[in-house]
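Fold and contact review
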Amino acid sequence: GSPSWLIYDALGHRYIKLDQATYQLLALWPSHTTAESLAAAASHALGRAMDLGEIKSFIGFLHQNNLARSPPQGGWQHYAQSAAAKKHGWSSWLLHNYLFLAVPLVRPERFLRSTMPLVAPMLSRTAAFILLAVGGLSLYLVSRQWDGFYATFQHFYGLEGAVAFGAVLLATKIFHELGHGYAATKFGCSVPTMGVAFMLLAPMPYADVTDAWKLKERWQRILVDSAGILAELALAVLATFLWLFLPDGTLRSAAFAVACVGWVISLGINLNPFARFDGYYLLSDLVQVDNLQTRSFALARWRIRDILFALGVACPEQLPRGKVNFLILYAWATWIYRFL
């Protein structure tokens, strides 16, 4: 509930959120040459006493996040040593990156901005109402001939069918990522790269919409989070509607595949909040907890230690009890999911 500010780290392409005290210290930093004078000035600006311990923590935060002009010791050699320490053999690299690895392939910024006028009508409320109506009608009509719809799946048995289904899956996922890209572009965000991400070594397209952190309105971030799923569902609605009228053959089978990918995989996998899919970021924005997994894992470890050893250590975050319990249960559920 307190004010916060964002720093954009252009080299690391990340956003860092600051609390009021840290922001005030940064604002006063250029005018002071000693920790004592900085603490005195900050105490006056904040209306409360600030000790040297807080100043040291603040300086440690700057160095830890590579925000200072130079490290506390070693100069440029400190950065060279840090870079060398991150180099591992292929087995160690795989161990540290098997959960998620992104390989950028294209820079879509110019394409997204130039084609935005063509896509903008599809992002309107009118388009949403039309898709809802068509989707409801299509699902109703399909339910009346479910056996015929389900029988279409038999066309994908065998190698040729599997290759065709894989091609449809790839095309649908590219459409999914374009949905994220266009939603971010609509709100003035940059989309620097699109490429292939490996989640548990399984390849899938991705779009880098990190810039959505700068959006002040949470509903805008939620729309960017959900844009991929909405794009897939829109495609599924149109494919389901076309399936009703196409004759048996390749096109009808393709429409069936697009519908299945959109309805089943999009809702069943992308809404999963326990992996870093769209559902995770949606949940993070809905419960208003940034860095959801990192913070919930810290709370869960604290609770386990408290249960096992009764150490009496204070809770690492000052949050309402209900939210703390929710985050702990979420962390435990995520650990169980990853284990399985």
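Structure report, in brief. Bear in mind that the values here come from a model prediction, so they are computed numbers and not experimental data.

Quick look at the pairing of strand β4 (residues 194-199) now. In terms of strand pairing, strand β3 (residues 100-106) meets β4 through six bridges, oriented antiparallel. Among the inter-strand pairings, F100 is bridged to a residue of β4, identified as M199. Pairing between β4 and strand β5 (residues 202-207): six bridges, direction antiparallel. Counterpart to A197 in the pairing with β5 is M204.

Now for the sheet that holds β5. Here we have three strands laid out as an open sheet, ordered β3-β4-β5, and antiparallel in their pairing. In this open sheet, the two edge strands, each paired with only one partner strand, are β3 and β5. Pairs of neighbouring strands in the sheet enclose a mean axial angle of 30°, with direction left out of account. Seen against the sheet, helix α9 (residues 159-186) touches β4 and β5 and runs at an angle of roughly 30° to β5.

In this section: a nonpolar patch on the surface. Together, I304, I307, L308, F309, L311 and V313 make up an exposed nonpolar region whose accessible area comes to about 620 Å². Topologically, L311 is positioned in the loop between α13 (292-309) and α14 (321-339).

To continue, consider the environment of L340. Within the secondary structure, L340 is located in the segment after α14. The exposure class of L340 is exposed, given its relative accessible area of 81%. Separated by 281 residues in sequence, L340 and I59 place their C-alpha atoms 41 Å apart.

Residue position: K173 is located in helix α9. Of note is the side chain of K173, whose polar atom sits 2.9 Å from the side chain of E232. In this structure K173 touches P205, E232, I265 and N270, once residues within four positions along its chain are discounted.

In the contact formed by α9 and helix α10 (residues 218-243), the axes pass within 7 Å of each other and the chain directions differ by 140°. Of the possible angle classes, the one that applies to α9 and α10 is oblique. The element α9 and its partner α10 pack so that their crossing is right-handed. Facing α9, whose interface residues are T172, K173, F175, H176, G179, H180, A183 and A184, α10 presents L223, V224, D225, A227, G228, I229, A231, E232 and L235. When the residues that make up the contact of α9 with α10 are grouped by side-chain class, the tally is nine nonpolar, five polar and three charged.

So, about the layout of surface pockets. Space inside the second largest pocket adds up to approximately 900 Å³. Taken together, 28 residues form the lining of the second largest pocket, with M122, L131, L230, A231 and A234 sitting closest to its centre. When residues of the lining of the second largest pocket are traced back to their parent elements, those giving at least two are α7 (125-143), α9 and α10. Looking at the lining of the second largest pocket, the element that brings in the most residues is α10, giving nine residues. Within the lining of the second largest pocket, the residues separate by chemical class into 22 nonpolar, four polar and two charged.

Rules used in this analysis
Residues numbered from 1 in each chain as written. Predicted model: local features only at pLDDT ≥ 70, side-chain atom pairs only at ≥ 80, totals over all residues. Heavy atoms only, no water. Pairing = 2+ DSSP bridges. Helix = DSSP H or I, 4+ residues; strand = E, 2+ residues; numbered from the N terminus. Axes fitted to C-alpha atoms, helices over the stretch in contact; angles between N-to-C directions. Contact = heavy atoms within 4.5 Å. Patch = residues over 30% accessible without salt bridge, like charges linked within 9 Å, V, L, I, M, F, W, Y side chains within 5 Å. Areas by Shrake-Rupley, 256 points an atom, 1.4 Å probe, with all protein chains shown as cover. Salt bridge = Lys/Arg side-chain N within 4 Å of Asp/Glu carboxyl O. Buried < 20%, exposed > 50% of the residue type's maximum accessible area, 1.4 Å probe, protein only. Polar contact = N/O pair within 3.5 Å; in protein donor to acceptor, adjacent residues only side chain to side chain. Parallel < 35°, antiparallel > 145°, perpendicular 65-115°, else oblique. Left-handed = near helix turned anticlockwise from the far one by under 90°. Nonpolar A, V, L, I, M, F, W, Y, C, P; charged D, E, K, R; others polar. 1 Å grid on protein atoms, 1.4 Å probe; cavity = no way out; pocket = protein on both sides within 12 Å on 5 of 7 lines; lining within 4 Å. Points joined across faces, edges and corners; volume = space filled by probe spheres on them.

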